[in-house]
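# Structural overview
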Amino acid sequence: MDMNDVKNRGLVMLGCGKMGSAMLQGWLGQGLPAASTWILDPHPSDWVQGLVAEGLHLNTDLPEEPAIVLIAVKPQMMEEALPVLTPLGNGKTLFISVAAGKSLAFYEQALGGNTPIIRAMPNTPAAILRGITALVGNGNTGDTELALAESLLQAVGQTVRLENEAQIDAVTGVSGSGPAYVFLMIEALAAAGVEQGLPADMAMQLAKATVSGAGQLAETADEDPAQLRVNVTSPQGTTAAALEVLMDPETGLTPLMKRAVAASSDRSKELSK
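The structure displayed is predicted, hence computed values, not measured ones. Within each chain, residue numbers correspond to sequence positions counted from 1 in written order. Reporting of local features is limited, given that this is a predicted model, to residues whose pLDDT is at least 70; pairs of side-chain atoms are given and counted only at 80 or more, and all residues count toward the totals for whole chains, interfaces and linings. Calculated side-chain values reflect all of the structure's heavy atoms, with hydrogen atoms and water omitted.

## Some words on a nonpolar patch on the surface
Definition in use: A patch is a set of surface residues, each over 30% in relative accessible area and not in a salt bridge, joined within 9 Å for like charges and within 5 Å for the nonpolar side chains Val, Leu, Ile, Met, Phe, Trp and Tyr. All accessible-area figures derive from a Shrake-Rupley calculation using a 1.4 Å probe, and residue coverage is judged against the displayed protein chains alone. Counted as salt bridges are all cases of a side-chain nitrogen of Lys or Arg within 4 Å of a carboxyl oxygen of Asp or Glu. Numbering of helices and strands runs from the N terminus; a helix is a DSSP stretch of H or I covering at least four residues, while a strand is a stretch of E covering at least two.
A contiguous nonpolar surface patch, about 420 Å² in accessible area, is contributed by Leu-246, Met-247, Leu-253, Leu-256 and Met-257. When residues of the nonpolar patch are assigned to their parent elements, the largest contribution, three residues, is made by helix α12 (residues 253–272). Topologically, Leu-246 is positioned in helix α11 (residues 238–246).

Given below as structure tokens:
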């Protein structure tokens, strides 16, 4: 199965909100014809409605054996929305779910035990094609299916393959919920700048550019983040003074981050029960 297969047999999206739209935009940019796409969404955005003119099928009958069904509805709408797709289960259609908290077993129960299913956990920077998505497949998927899912999801950023489904809770804690931690870091850094006498808008500009620039540097540099940190820390200097506070083994950033990621992972486990 490859991209041509998807063009010929079609791609079905159950739900096309922000995440779904970001992905679809990436795929259309890579040459997926609008006419090869079916969307089921009770409240489609103006952008999605505009694609109907280009041949996109919106809330119409589905093809009999599409190459891929992408499940991108909110978990609480799943029970209601999923039965529409049951006829496509147990066949050659590959299901990819980006919905949080729904296990592979849940989909097997709803769609049939022979259905090839991949669970994916993307994150919101996918909207600017800078996301990272973790994937894991059930027993009916092999390397071909995972490779196809990866090539689709790489339209919105990077991908990683998990060894087992249990790791998805940890991924939720790190990259799924992680963008919010970074946004909070920016807020906190700006607020601290105001506290030291900077105007609010300037402090915010400095904080955003610093976090974004450091992130970019960490992604592109050959050294690892620990080495980058050492490189910018002169002994007894200003950075060292700040890091002494942040690296305190009891009250510093590391133990705090461990607790935060654990809380998100634990909540992810609870939701999938």
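After presenting the structure, the write-up continues.
## Remarks on the packing of aromatic side chains
Heads up, the condition is: Aromatic rings from Phe, Tyr and Trp, taking only the six-membered ring of Trp, are treated as a pair when their centres fall within 6.5 Å; an angle between ring planes under 30 degrees marks them as stacked, one over 60 as edge-to-face, and anything in between as tilted. In our convention, an over-ring charge means Lys NZ or Arg CZ found within 6 Å of a ring centre and within 35 degrees of that ring's normal.
Enumeration over the complete set of coordinates arrives at one aromatic pair. Taking the centre distance of 5.2 Å and the plane angle of 80 degrees together, the rings of Phe-106 and Tyr-107 count as edge-to-face. Directly above the ring of Phe-106 sits Lys-102, whose terminal nitrogen or CZ lies 4.6 Å from the centroid.

## Looking at helix α5 (residues 104–111)
For clarity, the threshold we go by: Throughout, exposure labels follow a simple rule: accessible area from a 1.4 Å probe, protein chains only, divided by the maximum for the residue type, with under 20% read as buried, over 50% as exposed, and the rest as partly exposed. Working note: the arc is built from the helix axis to C-beta atom directions. The contact criterion used throughout is that any non-hydrogen atoms of two residues lie within 4.5 Å.
Within the sequence span of α5, burial applies to Leu-104, Phe-106, Tyr-107 and Leu-111. Along the long axis of α5, the arc covered by the buried residues comes to 155 degrees, so they all point the same way. Check the buried side of α5 and you find it contacts β4 (68–71), α4 (78–81), β5 (94–97), β6 (117–121) and β7 (131–137). Of the residues one or two after α5, Gly-112 is the one with positive phi, at around 115 degrees.

## Looking at the side chain of Thr-172
By secondary structure assignment, the location of Thr-172 is in helix α7 (residues 167–176). Classification of Thr-172 by relative accessible area gives buried; the value is 11%. Apart from residues no more than four positions distant in its own chain, Thr-172 is found in contact with Met-121, Ser-177, Ser-264 and Ser-268.

## As for the packing of helix α8 (residues 178–195) against helix α9 (residues 200–220)
Convention followed: Only the stretch in contact is used when fitting a helix axis, every axis being a line fitted to C-alpha atoms; angles between N-to-C directions are given from 0 to 180 degrees. Each angle gets one of four labels, with under 35 degrees taken as roughly parallel, over 145 as roughly antiparallel, 65 to 115 as roughly perpendicular, and the rest as oblique. With the far helix as reference, a near helix turned anticlockwise by less than a right angle produces a left-handed crossing, and one turned clockwise produces a right-handed crossing. Residue polarity follows a fixed list, in which Ala, Val, Leu, Ile, Met, Phe, Trp, Tyr, Cys and Pro are nonpolar, Asp, Glu, Lys and Arg are charged, and the others, Gly among them, are polar.
Taken N-terminus to C-terminus, the directions of α8 and α9 make an angle of 140 degrees; their axes are 8 Å apart at the nearest point. Our classification of the angle between α8 and α9 gives oblique. Here α8 and α9 pass one another in a crossing that is right-handed. Note on element contacts: α9 touches α8 through Ala-200, Ala-203, Met-204, Ala-207, Lys-208 and Val-211, opposite Val-182, Met-185, Ile-186, Leu-189, Ala-190, Gly-193 and Val-194. Looking at side-chain class alone, the contact of α8 with α9 contains 11 nonpolar, one polar and one charged residues.

## What to know about the pairing of strand β2 (residues 37–40)
We apply this condition: Criterion used throughout: strands pair if DSSP finds at least two bridges between them.
Neither face of β2 is open: one carries Thr-37 and Ile-39, the other Trp-38 and Leu-40, and all of them are buried. Relative to β2, strand β1 (residues 11–14) is paired through four bridges, and the arrangement is parallel. Across the sheet, Leu-14 pairs through a bridge with Leu-40, a residue of β2. With two bridges connecting them, β2 and strand β3 (residues 57–58) associate as parallel partners. Each residue of the ladder has a partner; that of Trp-38, found in β3, is His-57.

## A few points about the pattern of salt bridges
Under the definition given, this model contains eight salt bridges. Linking Lys-102 and Glu-79 is a salt bridge whose minimum nitrogen-to-oxygen distance equals 3.7 Å. With Lys-102 in the loop between β5 and α5 and Glu-79 in helix α4, this residue pair connects regions lying 23 residues apart in the sequence. Judged by its relative accessible area of 55%, Glu-79 falls in the exposed class. The closest approach of N and O atoms between Arg-119 and Glu-165, which form a salt bridge, is 2.9 Å. Of the two residues, Arg-119 is situated in strand β6 and Glu-165 in the loop between β8 (157–161) and α7; the sequence distance between them amounts to 46 residues.

## What about the nonpolar core?
For the record, the criterion: To define a nonpolar core, start from buried Ala, Val, Leu, Ile, Met, Phe, Trp, Tyr and Cys residues and group those joined through side-chain atoms within 4.5 Å.
Of all hydrophobic cores here, the largest spans 32 residues; its most connected members are Trp-27, Ile-68 and Ile-96. Elements represented by at least two residues in this core include exactly β1, α2 (18–29), α3 (46–51), β4, β5, β6 and α6 (143–153). Ranked by size, the runner-up nonpolar core spans 19 residues in total, among them Leu-14, Val-69, Ile-71 and Ala-99.

## What to know about the environment of Ala-191
Looking at where Ala-191 falls in the secondary structure, it is placed in helix α8. For Ala-191 and Pro-125, which are 66 residues apart along the polypeptide, the C-alpha to C-alpha distance reads 24 Å.

## Quick notes on the confidence of the model for the protein
In low-pLDDT segments, the atomic positions of the prediction should not be examined closely. So the rule is basically this: For every residue, the predictor reports its confidence as pLDDT, a number between 0 and 100.
Residues with a pLDDT of 70 or more make up 100% of the protein, whose mean pLDDT is 94. Per-element confidence in the protein is highest for α8, whose mean pLDDT is 98, and lowest for α4, whose mean pLDDT is 83.

## Describing unusual backbone geometry
Phi at Leu-129 is positive, roughly 65 degrees, even though this residue is not glycine. When you line up the elements, Leu-129 lands in the loop between β6 and β7.

## Re the sheet that holds β8
With respect to topology, eight strands assemble into an open sheet ordered β3-β2-β1-β4-β5-β6-β7-β8, the strand pairing being mixed. Bordering the open sheet on either side are β3 and β8, each of which pairs with just one other strand. Of the pairings in the sheet, the one linking β7 to β8 comprises five bridges and is parallel in character. Among the inter-strand pairings, Thr-133 is bridged to a residue of β8, identified as Thr-159. Lying on the sheet, α5 is in contact with β4, β5, β6 and β7; it crosses β6 at an angle near 140 degrees.

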